[in-house]
Amino acid sequence: MLLVLSPNLCVDRVVVVPDFAPGRVHRARAVHVLASGKGMNVARAARALGVEATVVGAVGDDAAGRWFVTDARRQGIALRAVRGRGATRTCTVIVAPGLGETVVNEPGPQADARTADLLRRRVRRLLGQASVLVLTGSLPPGVPATFYRDVIAEAPGRPTVLDTSGEALRQAVAAVPTVLKVNREELATLVGRDLTALGDVVAAAREVPVRDGVVVTLGQAGAVLVRAGRAWMARPPEVRRESAVGAGDSLAAGLAAALLAGQPLVDALRLGVAVAAADVATLLPGTVERAEVDRLLPLVAVEPLGAA
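Residues numbered from 1 in each chain as written. Predicted model: local features only at pLDDT ≥ 70, side-chain atom pairs only at ≥ 80, totals over all residues. Heavy atoms only, no water.

> Just to check I follow, could you spell out the overall build of the protein chain for this structure?
Tallying secondary structure elements over the protein chain gives 10 helices and 14 strands in all. Expected size for 308 residues packed as a compact globule is a radius of gyration near 19 Å; at 18 Å, the protein chain falls within 12% of this value. Overall, the protein chain is about 55 × 45 × 40 Å in size when its C-alpha atoms are taken along their principal axes. Taken over 308 residues, the protein chain has a buried fraction of 51%. By sequence separation, contacts in the protein chain at least 24 residues apart represent 67% of the contacts at least 6 residues apart. As displayed, the protein chain offers around 12,900 Å² of accessible surface, 51% of which is attributable to carbon and sulfur atoms. Of the charged side chains in the protein chain, 36 are positive and 29 negative; the average position of the first set lies 4 Å away from that of the second. (Helix = DSSP H or I, 4+ residues; strand = E, 2+ residues; numbered from the N terminus. Rg over C-alpha atoms; globule rule 2.2 N^0.38 Å. Buried < 20%, exposed > 50% of the residue type's maximum accessible area, 1.4 Å probe, protein only. Contact = heavy atoms within 4.5 Å. Areas by Shrake-Rupley, 256 points an atom, 1.4 Å probe, with all protein chains shown as cover. Lys, Arg positive; Asp, Glu negative; His and termini not counted. Charge placed at Lys NZ, Arg CZ, Asp CG, Glu CD.)

> When you look at the packing of helix α8 (residues 247–260) against helix α9 (residues 265–280) in this model, what are you seeing that I'm missing?
A pair of packed helices can be characterised by two numbers: the angle between their axes and the separation between those axes. In contact at an axis separation of 7 Å, α8 and α9 are set at 145° when each is read in the N-to-C sense. α8 and α9 meet at a crossing whose hand is right-handed. Each of A247, S250, L251, G254, L255, A257, A258 and L259 in α8 lies in contact with α9, whose residues at this interface are L265, A268, L269, L271, G272, V273, V275, A276, D279 and V280. Of the residues that constitute the contact of α8 with α9, the class distribution is 14 nonpolar, three polar and one charged. (Axes fitted to C-alpha atoms, helices over the stretch in contact; angles between N-to-C directions. Left-handed = near helix turned anticlockwise from the far one by under 90°. Nonpolar A, V, L, I, M, F, W, Y, C, P; charged D, E, K, R; others polar.)

> What is the right way to read the sheet that holds strand β9 (residues 160–163) from this model?
In a beta sheet, neighbouring strands are held together by backbone hydrogen bonds and run either parallel or antiparallel to one another. Strand order in the open sheet formed by 10 strands is β5-β4-β1-β8-β9-β10-β11-β12-β13-β14, and the pairing between neighbours is mixed. Every other strand in the sheet has two partners, leaving β5 (78–83) and β14 (301–304) as the edge strands with one partner each. Each neighbouring strand pair of the sheet contributes to a mean axis angle of 15°, computed without reference to strand direction. Relative to strand β13 (residues 230–235), strand β12 (residues 223–227) runs antiparallel, the two sharing five bridges. (Pairing = 2+ DSSP bridges.)

> Just checking my understanding: could you explain the sheet that holds strand β3 (residues 30–36) for this structure?
The four strands lie next to each other as β3-β2-β6-β7, forming an open sheet whose pairing is mixed. Taken across any chain shown, the strands that pair with only one partner, and hence form the sheet edges, are β3 and β7 (100–105). Averaged over all adjacent pairs, the angle separating strand axes in this sheet is 15°, with direction ignored. One ladder, built from six bridges, connects strand β6 (residues 90–96) with β7; its direction is antiparallel. In the strand pairing of β7, C91 is matched with N105. The sheet contacts of helix α2 (residues 63–74) involve β2 (10–16) and β3, and relative to β3 the element is tilted by about 90°.

> I would appreciate a short explanation of a nonpolar patch on the surface in the present structure.
Taken together, V31, V33 and W67 make up a surface patch of nonpolar side chains, about 240 Å² in accessible area. For V33, the position within the fold is in strand β3. (Patch = residues over 30% accessible without salt bridge, like charges linked within 9 Å, V, L, I, M, F, W, Y side chains within 5 Å. Salt bridge = Lys/Arg side-chain N within 4 Å of Asp/Glu carboxyl O.)

> Explain α8 to me, please; I cannot follow it from the model alone.
Because the α-helix completes a turn every 3.6 residues, residues three or four places apart line up on one side. Between the first and last C-alpha of α8 there are 20 Å, a value that for 14 residues agrees with the 20 Å anticipated at 1.5 Å per step. For α8, the set of buried residues is A247, D249, S250, L251, A252, A253, G254, L255, A256, A257, A258 and L259. (Expected span 1.5 Å × (residues − 1).)

> Looking at this model, I keep getting lost on the pattern of salt bridges. Mind explaining?
Between side chains of opposite charge, a pair can form when the charged atoms approach closely. The final tally for this structure, using the stated rule, is 18 salt bridges. Across the pair E154 and R120 runs a salt bridge, and its minimum N-O distance is 2.3 Å. Of the two residues, E154 is situated in the loop between α4 (147–153) and β9 and R120 in helix α3 (residues 113–127); the sequence distance between them amounts to 34 residues. In this structure R120 comes out as partly exposed when scored by relative accessible area, which is 22%. Here R295 ties to E292 by a salt bridge, and the two come within 2.8 Å at their closest N and O atoms. Of this pair, R295 and E292 both sit in helix α10 (residues 290–296), three residues apart, which is roughly one turn of that helix. A relative accessible area of 45% places R295 in the partly exposed class.

By themselves these figures say nothing about function.
This is the structure:
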């Protein structure tokens, strides 16, 4: 089983607005509402790959939180939700076809020591059934920045995939995750300097303490894997872009699925980039088709990088 810890879950409102621009009145072409957040995106993409995932996370104690649990069940995702105090987080994704996406992320309901403790206890209870643990997303207000670090420390020998940012990332890498997935900006913040060239990215990734490797996403250019003194670049095939929101989560799902199958990390990189490309071609985050992933997989170009 894949266990996904994603404390700051949210309701996604995906609004399609042709020719969107700030400061104007628009008419939406379509609106989609779904139980989401990074952990749910990972679980949706993992299910498409034939991997069953259980998500542990927090929602509010309001009507939206109750709806979230129901919608997760509708999606076929096993959710072990902790109810925080306050309104469930809502994130608004405005998709302007051909122009890109605008995302407004709300902070989430206020949490406390009880919320963090309940989340950790649910993870502990499920760890025995899990072969891989993914820790993904921001932390709700009130949850200490050491939260992911402490969870990783409590899962010795369990493969872990970490995908977060800011102080939560800085604290968590001290626990030495198996695989770290970050984008260029998150890595730059972690090491405290700009990463302009590809060689800068590789050098910075080598500074991060991990057990197996660091995967750095570079948007449309693809992703870099750095491990054991070596580095590889994976370039995605061209697809018709619908929305890039959630593509990084789909990449994390591909990494985790490959780790579950015992595949080498280079093969996990290829699968992750293929799943991300399939996600970009769909409107809703984490909604991919296995047949499309299989079609794209051999089109992902993976090449070793020099000693940059």
